[in-house]
Amino acid sequence: MRYRLVQQEDLPACLDLFDRNGRCRLSPRVREHLPRLWSEWLAQDRRMPKSFVLWEDLSTPNAPRVEAIGTGHFVRDEVYDLLLNTPQPYLIDRLYGMVLDGHQPFLDQREIARGNAGEGLSLLMSLYLQREHDLDHPDSQRLRPLGAAAWYFCHAGFNVRRLLSEVYGRAGGAYMAAGGFDLLHVFEPGPDLPPDRPDSEPHQLAIDRANQPPRAMQPMSLWLLHPPAPMLGLSASLQSVASLALQGDTDRAIAARLGISADAVKQAWRGILKAVATHMPDLCSDTTDATADGAAPVRGAEHRRVVIEYLRQHMEELRPWVRRAGP
């Protein structure tokens, strides 16, 4: 079992899981346009990864099988306030209904950068669905640690001050509450829900940093702490290469994903390592002798590995941020 960010070619499998799950009810208009809406979202500024994740089982015959999907959007404060203060079930239906009505509820990269460097962002976790409804099922148990890992990869390093989420069923609501979310509303499930979809009530939950001092936060809530400012000052193009490398992509795969040449990927790595050498020279210092603690010196191809591990622990380096003027 693994997680990864969704690509355009994954959309049919994601839609199939959405329809098979059946717990999230969409208006006919939104369901008709959902493939296009997702596709357009993924295509926007492809340098910046989108919080659209799938979890897949690699042990199934013939091809991996999508086991779960999840989406998250940074939205304008007024949109978040509207969804919070006029509660209705099925957040994703309301969100994409706004888009179809000609509104723009999502923040662009510049707005996200300002929010990261300022008071913080409003995050809408609009959808999470998995193939197996029973949270005690072995497949659900296998998904659980990967869910936390995917959440970290997509959201750690962002200055999130509040988030609103929706899950389906009492067990899902209880799991989120145990992670530090406040339960806001429990709605009746859709009237046309099939009889084999029991325990499907939409539960809306939220975390607000203003209401939860850090010392009182539960595990999920801890990621709402204000992240430190990035040290390396990587450009968006360098961030995109590093982010894909963090997912385990090879240089060739990164080039294909971003539509650039392999030489451009290598040039990006030179830029990343130059930023490290400038701002954090001790991270990848070349030495000819063993280090003081007896460890082998870090040099050559090891630089990438060291940098990737640093980035994994400092995701703020890969997030949009207002850059300081100067050299």
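Since the model is a prediction, treat every value here as computed from it, not as a measurement.

Once that is clear, we can look at the overall build of the protein chain. Helix and strand counts for the protein chain come out as eleven helices and seven strands. The buried share of the protein chain, reckoned over its 327 residues, is 47%. Within the protein chain, residue pairs in contact and separated by at least 24 positions form 73% of the contacts whose partners lie at least 6 positions apart. Total accessible area on the protein chain is roughly 16100 Å²; 54% of this is exposed by carbon and sulfur atoms.

Moving on, we come to the layout of surface pockets. In this structure, the largest pocket spans a volume of roughly 910 Å³. Tyr128, Gln130, Val167, Tyr175 and Met176 are, among the 42 residues lining the largest pocket, the residues nearest its centre. Residue assignment for the lining of the largest pocket shows that the elements contributing at least two residues are strand 2 (52-57), strand 3 (65-75), strand 4 (121-130), helix 6 (138-155), strand 5 (160-168) and helix 7 (170-178). Of all the elements, helix 6 adds the most residues to the lining of the largest pocket, at nine residues. Grouping the constituent residues of the lining of the largest pocket by class yields 22 nonpolar, 14 polar and six charged. Looking at the second largest pocket, it is lined by 29 residues, and the ones nearest its centre are Trp41, Pro49, Lys50, Gln109 and Ile112. Elements represented by at least two residues in the lining of the second largest pocket include exactly strand 3, helix 5 (109-117) and helix 6. The residue makeup of the lining of the second largest pocket, split by class, is 15 nonpolar, eight polar and six charged.

For the rest of this paragraph, the subject is the packing of aromatic side chains. The description of an aromatic ring pair rests on the distance of the ring centres and on the angle between the ring planes. The tally for this structure, following the rule as stated, stands at seven aromatic pairs. Each ring, one from tryptophan 38 and one from phenylalanine 52, has its centre 4.9 Å from the other, and the planes form 55 degrees; the classification is tilted. In this pair, tryptophan 38 is assigned in helix 2 (residues 28-43) and phenylalanine 52 in strand 2, connecting sequence segments 14 residues apart. Residue classification places phenylalanine 52 among the buried positions, given a relative accessible area of 0%. Centre to centre, the rings of tryptophan 55 and tyrosine 128 are 5.5 Å apart; their planes meet at 80 degrees, and the pair counts as edge-to-face. Pair noted here: tryptophan 55 is in strand 2 and tyrosine 128 is in strand 4, with a separation of 73 residues, a long-range link. Joined through ring pairs, the aromatic side chains of Trp38, Trp41 and Phe52 make up one cluster.

On to the sheet that holds strand 6 (residues 182-186), then. One open sheet accounts for seven strands, arranged 1-2-3-4-5-7-6; its pairing is mixed. Unpaired on one side and paired on the other, strand 1 (2-5) and strand 6 mark the two borders of the sheet. Across the sheet, the mean angle separating the axes of adjacent strands is 20 degrees when strand polarity is ignored. One ladder, built from seven bridges, connects strand 3 with strand 4; its direction is antiparallel. Counterpart to histidine 73 in the pairing with strand 4 is leucine 124. Across the sheet, helix 1 (residues 11-21) lies against strand 2, strand 3 and strand 4, angled at about 95 degrees from strand 3, the strand it touches most.

To continue, consider the packing of helix 2 against helix 4 (residues 91-100). Here helix 2 crosses helix 4 at 75 degrees, and the two axes come no closer than 10 Å. One way to sum up the angle between helix 2 and helix 4 is to call them roughly perpendicular. Packed against helix 2, whose contacting residues are Arg29, Val30, His33, Leu34, Arg36, Leu37, Trp38 and Trp41, the element helix 4 presents Ile92, Asp93, Tyr96, Gly97, Val99 and Leu100 at the interface. Partitioning the contact of helix 2 with helix 4 into residue classes produces nine nonpolar, two polar and three charged.

In an α-helix, one turn spans 3.6 residues, which is why side chains three or four residues apart end up on the same side. Those residues of helix 5 lying buried are Glu111, Ile112, Ala113, Gly115 and Asn116. On its buried side, helix 5 packs onto strand 3 and strand 4. Taking the backbone nitrogen of arginine 110 as reference, a side-chain oxygen 3.2 Å away marks aspartate 108 as the first, capping residue of helix 5.

Let us now look at the pairing of strand 2. Summarising burial for strand 2: six of the six residues are buried, a large majority. Pairing geometry for strand 1 and strand 2, over four bridges, is antiparallel. Bridge assignment links arginine 2 to a residue of strand 2, and that residue is glutamate 56. Pairing between strand 2 and strand 3: six bridges, direction antiparallel. Following the sheet pairing, leucine 54 is matched in strand 3 by isoleucine 69.

Here we come to the nonpolar core. Of all hydrophobic cores here, the largest spans 36 residues; its most connected members are Leu232, Trp269 and Leu311. The contacts of tryptophan 269, once residues within four sequence positions are left out, are Val241, Ala245, Asp251, Arg304, Val307 and Ile308. Residues Leu34, Trp41, Ile69 and Tyr96 belong to the second largest nonpolar core, which totals 35 residues.

Criteria and thresholds
Residues numbered from 1 in each chain as written. Predicted model: local features only at pLDDT ≥ 70, side-chain atom pairs only at ≥ 80, totals over all residues. Heavy atoms only, no water. Helix = DSSP H or I, 4+ residues; strand = E, 2+ residues; numbered from the N terminus. Buried < 20%, exposed > 50% of the residue type's maximum accessible area, 1.4 Å probe, protein only. Contact = heavy atoms within 4.5 Å. Areas by Shrake-Rupley, 256 points an atom, 1.4 Å probe, with all protein chains shown as cover. 1 Å grid on protein atoms, 1.4 Å probe; cavity = no way out; pocket = protein on both sides within 12 Å on 5 of 7 lines; lining within 4 Å. Points joined across faces, edges and corners; volume = space filled by probe spheres on them. Nonpolar A, V, L, I, M, F, W, Y, C, P; charged D, E, K, R; others polar. Phe/Tyr/Trp six-rings, centres within 6.5 Å; stacked < 30°, edge-to-face > 60°. Pairing = 2+ DSSP bridges. Axes fitted to C-alpha atoms, helices over the stretch in contact; angles between N-to-C directions. Parallel < 35°, antiparallel > 145°, perpendicular 65-115°, else oblique. Polar contact = N/O pair within 3.5 Å; in protein donor to acceptor, adjacent residues only side chain to side chain. Core = buried A, V, L, I, M, F, W, Y, C linked by side-chain atoms within 4.5 Å.

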